[in-house]
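# Descriptive analysis of the structure
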Amino acid sequence: MRKTAGDEKITRPNQSSEKLLNILEMLSEQEEPVRLQDIARLVEMNTSTALRFITTLQKKGYVAQDFDTGRYFLTYKICAVASNVSSRKGLRDISVPFLRSVSHIFNESANIAEEHDMSVVYIEAVAGPKTMLMTTQRIGNIAPMHCTGVGKLLLLNYTEPQIDHLIATKGMTRFTDHTLTTKEELMAELEQVRRQDYAFDNEECESGARCIAAPVRDFTGKVIAGLSVSGPATRMTDEHIYDKLPFLLDAAQQVSFRLGYDPGKHKHAAGKAG
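Residues numbered from 1 in each chain as written. Predicted model: local features only at pLDDT ≥ 70, side-chain atom pairs only at ≥ 80, totals over all residues. Heavy atoms only, no water.

## Regarding the pairing of strand β6 (residues 199–202)
- The pairing of β6 with strand β7 (residues 209–217) spans four bridges and is classified as antiparallel. Across the sheet, the residue bridging to Asn202 is Arg210, located in β7. (Pairing = 2+ DSSP bridges. Helix = DSSP H or I, 4+ residues; strand = E, 2+ residues; numbered from the N terminus.)

Given below as structure tokens:
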């Protein structure tokens with residue numbers, strides 16, 4: 001049967017959609033990032049066509065490119081449309097290369113931590129080239145939320161009643177002369193953290209130790225973890241921190257991107273504490 005002009009207009013987009021979905025499904029089956037040439041071969045299309053579709057998927061945040069090998073892999077943005085994939089799966093593995101990079105740039109220890117039972121739990125840590133990890137920031141260790149950089153970021157998810165419950169349940173223990181010990185101090189600090197989108201631990205948890213933390217968000221925009229750098233206050237000066245801060249913020253954003261976070265769609269979607 002002869003096709004009409006109208007049939008052609010309908011068929012072409014359908015063919016393009018099918019090719020796009022073929023690439024998504026193929027990438028979901030790969031255990032490692034894939035070269036562009038192999039993508040084209042596996043989905044049976046020429047390299048230039050495959051690149052066009054890959055570029056579209058990258059632009060929409062579904063595919064990312066490994067900066068070392070140039071190979072492509074799916075991000076966790078697929079979680080936004082596929083309920084059987086968890087946004088937090090692989091967070092530790094995703095973050096390790098960025099922790100190493102940030103640790104090297106700051107020449108200090110880098111960590112990633114998340115929340116469990118209203119406390120901060122460190123799930124991965126990389127010691128700096130010539131440093132030791134702070135005692136509270138070893139893998140598996142637990143730290144309070146009110147006096148750590150990561151904890152303050154995670155508290156951006158809390159409403160004021162939830163913060164009241166945290167204080168009633170966990171308290172606000174004073175660990176050093178710099179620890180925040182009142183709700184008023186904490187709320188003021190969280191407003192500052194919300195505005196700047198990063199958080200400090202200024203010798204609040206350990207005397208002589210400073211930390212700067214950046215938020216890691218999932219595809220819903222929620223802060224699910226914090227990527228931080230810690231070191232002695234004598235080295236972690238304001239000048240040193242602010243000079244290297246863009247690298248930390250970019251690393252946290254890259255981890256978030258791989259979890260499906262779209263900064264254009266989510267304008268810091270964490271719930272306001274207050």
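## Considering unusual backbone geometry
- Unlike most non-glycine residues, Asn107 shows phi in positive territory, near 60°.
- With respect to the helices, strands and loops of the structure, Asn107 is situated in the loop between α4 (91–106) and β3 (109–116).
- Asn107 gets classed as partly exposed once you look at its relative accessible area, which sits at 36%.
- Positive phi values are uncommon outside glycine, yet Asp197 reaches one of about 65°.
- Look at Asp197 and you get buried, because its relative accessible area is 15%. (Buried < 20%, exposed > 50% of the residue type's maximum accessible area, 1.4 Å probe, protein only.)

## With respect to helix α3 (residues 47–59)
- Over its 13 residues, α3 extends 18 Å from the first C-alpha to the last, a length consistent with the 18 Å expected when each residue adds 1.5 Å.
- When we look at burial in α3, the residues that qualify are Thr49, Ala50, Phe53, Ile54 and Leu57. Down the axis of α3, the sector holding all buried residues measures 135°, keeping them to one side. The outward face of α3, more than 90 degrees from its buried face, is lined by the exposed residues Ser48 and Lys59. (Expected span 1.5 Å × (residues − 1). Arc of directions from axis to C-beta.)

## Digging into the pairing of β3
- The element β3 is extensively covered by neighbouring structure, given that six of its eight residues are classed as buried.
- In this sheet, strand β8 (residues 223–232) lies alongside β3 in antiparallel orientation, the contact comprising five bridges. Looking at β8, one finds that Asn111 is bridged to Ser228.
- Taken together, β3 and the strand that follows it, strand β4 (residues 119–126), pair antiparallel across an intervening segment of two residues, in which Asp117 is found at a positive phi of about 55°.

## Description of the nonpolar core
- Core analysis: the largest hydrophobic core is formed by 28 residues, its most contacted members being Leu91, Ile212, Val216, Leu227 and Leu248.
- The set of elements that each furnish at least two residues to this core consists of α4, β3, β4, β7, β8 and α8 (238–258).
- If sequence neighbours within four positions are ignored, Leu91 has contacts with Ile112, Glu114, Ile123, Val216, Ile224, Ala225, Val255 and Leu259.
- One finds Ala143, Leu156, Ala199 and Ala213 within the second-largest nonpolar core, a separate group that totals 23 residues. (Core = buried A, V, L, I, M, F, W, Y, C linked by side-chain atoms within 4.5 Å. Contact = heavy atoms within 4.5 Å.)

## Considerations on the packing of α4 against α8
- The N-to-C vectors of α4 and α8 enclose an angle of 165°; their axes lie 10 Å apart at closest approach. When the interaxial angle is binned, α4 and α8 end up roughly antiparallel. The handedness of the crossing between α4 and α8 comes out as right-handed. In this structure, α4 contributes Leu91, Ile94, Ser95, Phe98, Val102, Ile105 and Phe106 to the contact, and α8 contributes His240, Ile241, Lys244, Leu245, Phe247, Leu248, Ala251, Gln254, Val255 and Arg258.
- Taken together, the residues that form the contact of α4 with α8 break down as 12 nonpolar, three polar and two charged. (Axes fitted to C-alpha atoms, helices over the stretch in contact; angles between N-to-C directions. Parallel < 35°, antiparallel > 145°, perpendicular 65-115°, else oblique. Left-handed = near helix turned anticlockwise from the far one by under 90°. Nonpolar A, V, L, I, M, F, W, Y, C, P; charged D, E, K, R; others polar.)

## Examining the sheet that holds β7
- Taken together, six strands build an open sheet; the order of strands is β5-β4-β3-β8-β7-β6 and the sheet is antiparallel. Strands with a single pairing partner mark the edges of an open sheet, and in this sheet they are β5 (142–143) and β6.

## Some details on the packing of aromatic side chains
- This model, assessed by the stated rule, comprises three aromatic pairs.
- Taking the centre distance of 6.0 Å and the plane angle of 75° together, the rings of Tyr198 and Phe200 count as edge-to-face. Grouping residues by exposure puts Tyr198 and Phe200 together as buried.
- For Arg52, the ring lying beneath its charged end belongs to Phe53, and the centroid distance is 5.4 Å. (Phe/Tyr/Trp six-rings, centres within 6.5 Å; stacked < 30°, edge-to-face > 60°. Lys NZ or Arg CZ within 6 Å of the ring centre and 35° of its normal.)

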